[in-house]
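# Reading the structure
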Protein chains: 2
Amino acid sequence: MPQRGRPRGFDADEALERAVEVFWRQGYEGASVSDLTEAMGINKPSLYAAFGGKEELFRKAVARYAEKDMGYARDAFAQPTAYEVVATLLRENVVAVTRTDRPAGCLSIQGGTSCSTENAPIAGFLASSRLGGEVALADRLARAVAEGDLPAQADPVALARFVMIVTEGQAVHAAAGVSREDLRQAAEIALAGFAAASGARPPERATDPA
Amino acid sequence: MPQRGRPRGFDADEALERAVEVFWRQGYEGASVSDLTEAMGINKPSLYAAFGGKEELFRKAVARYAEKDMGYARDAFAQPTAYEVVATLLRENVVAVTRTDRPAGCLSIQGGTSCSTENAPIAGFLASSRLGGEVALADRLARAVAEGDLPAQADPVALARFVMIVTEGQAVHAAAGVSREDLRQAAEIALAGFAAASGARPPERATDPA
DNA sequence: TCGGATACGTACCGCTCGGTACAGAATTCG
DNA sequence: CGAATTCTGTACCGAGCGGTACGTATCCGA
């Protein structure tokens, strides 16, 4: 169906991108509609017409965030071994939460770990989307057990939970201004813990060449 | 100096306690003054007279929280070995963030990892108070190195950072509704990582008696 | 060229926000 | 008793909130 009526005077994708950053920096409740429209370069009625309102805009922002800023998770899950999956996840998460061209931390946490009672659904939405990632990781680790990549006694659910806890803590830390290099050290300690607890073997000599 | 004028009609300590819970559950920005006064059982002018305003009340609430709900940290630091310090910290943190008589999670994170620009000082205040705990732990681990309890090549700052990252992640997870038992598993994995990375030796047979 | 459709911009809606003025109630001191 | 002092409750302040009505501008198809 071809276009009818006056064409939109802004790039909706780019506007959404700006909205992501505002929500990321200020949280759902801390980001006012005026903050958003100003950053997006549009007026309130345009926001409403194009995105449906503040809450819908937020959900679309989170979806975009998951696709663009957490895309490394897809690459991580595609790694051949459980060790490499987790190593990629932890290391790339450090990079993601400390990008200089992005707000520090993670939208999924900064967005709102707690909210006023009327906005409680927002916190719940974010929490369940994070737990969704955890389930995906647990599935990937269960596959590793099935394939013999991890020992049979390894607990995929518990291991996935540990890894996600570390990534969340890294995000909180990054939001507080901790540097990428400092977070990298922590990621390596966590990786060692994962290896010790799971029985995963690191690749022979791949990760840190001389 | 004896009392003069009409006596206060409420217990300021108990009122502060209620304020802690409201801020904890709803965050700084999500907790309105009306929410607070309702939970505290007082009127707005009383809140203002007794606590100075919303922001001052929040800072007092955080101070009270640190003293009461994070008291386990003092006990942890008093443990004789680095391993036991970290083990106590991780395990007691799991208990603290999953108390049924308290909101889930941790006020220091729920309070606000990100805020509107005008309330940005609040997020900064919370972040720096968390990092204060990390410095204290690093000092304690440095002492362990000096005492020969940890090997000389152990990095107290990096290890402390790792431990704090895990506690923060546990708090985020707990706020999402993850159970105490599930978090305990993750704490043990983290503890194993700490031991592996630091060279700390667990006590011979103290932790899990048959 | 004109009608239908869509987007834009201004100006506004009711509501809640954090904070306070002020009058009345309760207490101690003289 | 009365005066001084402190707390309580109501009623209110200006400002900003999320959301919208409405007139105008800009496009397409006929």
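Bear in mind that the values here come from a model prediction, so they are computed numbers and not experimental data.

Cut-off values and rules
Residues numbered from 1 in each chain as written. Chains lettered and ligands numbered in written order. Predicted model: local features only at pLDDT ≥ 70, side-chain atom pairs only at ≥ 80, totals over all residues. Heavy atoms only, no water. Domains from an automatic or database assignment. Contact = heavy atoms within 4.5 Å. Buried area = accessible area lost by both parts, 1.4 Å probe. Salt bridge = Lys/Arg side-chain N within 4 Å of Asp/Glu carboxyl O. Polar contact = N/O pair within 3.5 Å; in protein donor to acceptor, adjacent residues only side chain to side chain. Helix = DSSP H or I, 4+ residues; strand = E, 2+ residues; numbered from the N terminus. Nonpolar A, V, L, I, M, F, W, Y, C, P; charged D, E, K, R; others polar. Buried < 20%, exposed > 50% of the residue type's maximum accessible area, 1.4 Å probe, protein only. Near = heavy atom within 4 Å. Phe/Tyr/Trp six-rings, centres within 6.5 Å; stacked < 30°, edge-to-face > 60°. Lys NZ or Arg CZ within 6 Å of the ring centre and 35° of its normal.

Next up on the list: the domain arrangement of chain A. Often, the extent of an interface is quoted as the loss of accessible area upon association of its parts. Residues and elements named next belong to chain A. For chain A, the domain assignment lists domain 1 (12–64) and domain 2 (69–198). Inter-centroid distance (C-alpha atoms) of domain 1 to domain 2 is 26 Å. On the side of domain 2, 17 residues touch domain 1, which itself brings 15 residues to the contact. Where domain 1 abuts domain 2, roughly 1,500 Å² becomes buried across the two surfaces, and 63% of that area is made up of carbon and sulfur atoms. Applying the counting criterion to the domain 1 and domain 2 interface returns two salt bridges. In this structure, the salt-bridge partner of Glu21 is Arg102, at a minimum N-O distance of 3.0 Å. Applying the counting rule to domain 1 against domain 2 returns seven residue pairs in polar contact (both at pLDDT 80 or more). At the level of elements, helix H1 (12–30) and helix H4 (54–68) are the ones that each hand at least two residues to the side of domain 1 that touches domain 2. Ranked by residue count, the leading element in the side of domain 1 that touches domain 2 is H1, at nine residues. When the residues that make up the side of domain 1 that touches domain 2 are grouped by side-chain class, the tally is seven nonpolar, one polar and seven charged.

Before going further, it helps to spend a moment on the environment of Lys68(B). All names here are of chain B. When you line up the elements, Lys68 lands in helix H4 (residues 54–68). Take Lys68: its relative accessible area is 52%, and that puts it in the exposed class. Measuring from C-alpha to C-alpha, the distance between Lys68 and Glu17 comes to 10.0 Å, with 51 residues separating the pair along the chain.

Time to look at the protein's contact with DNA strand C. By nearness alone, 24 residues border DNA strand C, and Gly9(A), Asn43(A), Val33(B), Lys44(B) and Tyr48(B) come closest of all. Among all atoms of DNA strand C positioned within 4 Å of the protein, those belonging to sugar or phosphate total 69%. Contact between DNA strand C and Lys44(B): a base oxygen at 2.4 Å from a side-chain N or O atom of the residue. Take Tyr48(B): an N or O atom from its side chain is 2.6 Å from a phosphate oxygen of DNA strand C. Among the elements of the structure, helix H3 (44–51) of chain A together with helix H2 (33–40) and helix H3 (44–51) of chain B are those that each provide at least two residues to the surface near DNA strand C. Among the elements that take part in the surface near DNA strand C, H3(B) stands out by supplying three residues, more than any other. The residue makeup of the surface near DNA strand C, split by class, is nine nonpolar, eight polar and seven charged.

Another aspect to go through is the packing of aromatic side chains. Evaluated as defined, the whole model comprises eight aromatic pairs over all chains. Ring geometry for Trp24(A) and Tyr65(A): centres 5.0 Å apart, planes at 85 degrees, overall edge-to-face. Here the residue Trp24(A) occupies a position in helix H1, and Tyr65(A) occupies one in helix H4, the gap between them amounting to 41 residues. The same class applies to Trp24(A) and to Tyr65(A), which are both buried. Put simply, the rings of Phe23(A), Tyr28(A) and Phe58(A) touch in pairs and so form one group of aromatic residues. Of note, Lys54(B) hangs over the ring of Tyr28(B), and the distance from its end group to the ring centre comes to 4.5 Å. When the ring centre of Phe125(B) is taken as reference, the NZ or CZ atom of Arg59(B) above it lies at 4.5 Å.

Moving on, we get to the protein's contact with DNA strand D. In the vicinity of DNA strand D there are 23 residues, among which Val33(A), Lys44(A), Tyr48(A), Arg4(B) and Asn43(B) approach most closely. Counting only atoms of DNA strand D within 4 Å of the protein, the fraction found in sugar and phosphate groups is 72%. Backbone polar atom of Gly9(B) to a phosphate oxygen of DNA strand D: 2.6 Å apart, as the coordinates give it. Ser46(B) places a polar side-chain atom, nitrogen or oxygen, 2.9 Å from a phosphate oxygen of DNA strand D. Contributing elements (two or more residues each) for the surface near DNA strand D: helix H2 (33–40) and H3 of chain A together with H3 of chain B. The greatest single-element share of the surface near DNA strand D, amounting to three residues, is contributed by H3(A). When the residues that make up the surface near DNA strand D are grouped by side-chain class, the tally is nine nonpolar, eight polar and six charged.

Here the focus is the environment of Val97(A). All names here are of chain A. As for its placement among the helices and strands, Val97 is situated in helix H6 (residues 82–97). Val97 sits in the buried class, given a relative accessible area of 2%. As for Val97 and His173, which are separated by 76 residues in sequence, their C-alpha atoms are 9.1 Å apart. Contact partners of Val97, with chain neighbours within four places excluded, come to Ala104, Gly105, Cys106, Gln170, Ala171, Ala174 and Leu183.

For the rest of this paragraph, the subject is the pattern of salt bridges. When the charged atoms of two side chains with opposite charge come close together, those side chains can pair. What the rule picks out here adds up to 28 salt bridges over all chains. Glu14(B) is the salt-bridge partner of Arg18(B), the closest N and O atoms lying 3.1 Å from each other. Here the residue Arg18(B) and the residue Glu14(B) both occupy positions in helix H1 (residues 12–30), the gap between them amounting to four residues, near one helical turn. For Glu14(B), a relative accessible area of 42% corresponds to the partly exposed category. Where Glu181(B) meets Arg184(B), a salt bridge forms, and the shortest distance between an N and an O atom there is 3.3 Å. Placement of the pair is Glu181(B) and Arg184(B) together in helix H10 (residues 180–198), with a separation of three residues, close to one helical turn. Judged by relative accessible area, which is 32%, Arg184(B) ranks as partly exposed. Taken together, the salt bridges that share partners define one network made up of Asp13(A), Glu17(A), Glu21(A), Arg25(A), Arg64(A), Asp69(A) and Arg102(A).

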